[in-house]
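What follows is each chain in one-letter form.
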Amino acid sequence: MTHYNSPDLRPLSVLLSDLGKQIEAYRISRNLKQAELAEMAGISRSTLARLEAGNGGTIDSLARIMRALEIEDRLLDVMPDAKLSPLDPRSDTGKARQRVRKSSEGEAGEEWSWGDEAP
């Protein structure tokens, strides 16, 4: 599993900047000024400007912007559905998992047996 600080990942600041550029481009393609979209979304113009600049924001602000742009249905595409992975047998259990359990250290390396073998 790739960790958050992995050198293979793009820096978070770059991802936020790219997202901001996409928001800005979409807004402009709809011929909306920042103040207009901000009013439609129910956020301040400065909040929208911060998001477009890649300087952070909240999920709430992003959801409001996407709703104002009539693309809120795409918000759920950010995270894949955890129970629908054809390649992961754990996702085909029939019911959603509620907890995370770590396996004990001995389980992975030990070979399983019935324990009734004759000595």
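To be clear, the structure that these remarks concern was listed above.
Analysis parameters
- Residues numbered from 1 in each chain as written.
- Predicted model: local features only at pLDDT ≥ 70, side-chain atom pairs only at ≥ 80, totals over all residues.
- Heavy atoms only, no water.
- 1 Å grid on protein atoms, 1.4 Å probe; cavity = no way out; pocket = protein on both sides within 12 Å on 5 of 7 lines; lining within 4 Å.
- Points joined across faces, edges and corners; volume = space filled by probe spheres on them.
- Helix = DSSP H or I, 4+ residues; strand = E, 2+ residues; numbered from the N terminus.
- Buried < 20%, exposed > 50% of the residue type's maximum accessible area, 1.4 Å probe, protein only.
- Arc of directions from axis to C-beta.
- Contact = heavy atoms within 4.5 Å.
- Axes fitted to C-alpha atoms, helices over the stretch in contact; angles between N-to-C directions.
- Parallel < 35°, antiparallel > 145°, perpendicular 65-115°, else oblique.
- Nonpolar A, V, L, I, M, F, W, Y, C, P; charged D, E, K, R; others polar.

What to know about the layout of surface pockets
Line of reasoning, step 1. There is about 340 Å³ of room inside the largest pocket.
Line of reasoning, step 2. As for the largest pocket, its lining consists of Leu 19, Gln 22, Ile 23, Tyr 26, Leu 62, Ile 65, Met 66, Leu 69, Ile 71, Arg 74, Asp 77 and Val 78.
Line of reasoning, step 3. When contributions to the lining of the largest pocket are tallied by element, the ones reaching two or more residues are helix H1 (12-29) and helix H4 (59-68).
Line of reasoning, step 4. Among the elements that make up the lining of the largest pocket, the one with the highest residue count is H1 (4 residues).

What to know about helix H2 (residues 34-41)
Line of reasoning, step 1. Those residues of H2 lying buried are Gln 34, Leu 37, Ala 38 and Ala 41. All buried residues of H2 project into a common sector of 100 degrees when viewed along the axis, lining one side.
Line of reasoning, step 2. Residues of H2 that are buried make contact with H1, helix H3 (45-52) and H4.
Line of reasoning, step 3. Of the residues flanking the end of H2, it is Gly 42, one or two places downstream, whose phi is positive at about 75 degrees.

Notes on the packing of H2 against H3
Line of reasoning, step 1. Contact geometry of H2 with H3 gives a least axis separation of 8 Å together with a crossing angle of 110 degrees. One element, H2, and the other, H3, form an angle in the roughly perpendicular class. Of H3, the residues touching H2 (which contributes Gln 34, Ala 35, Leu 37 and Ala 38) are Arg 45, Leu 48, Ala 49 and Glu 52.
Line of reasoning, step 2. Grouping the amino acids of the contact of H2 with H3 by side-chain chemistry returns 5 nonpolar, 1 polar and 2 charged.

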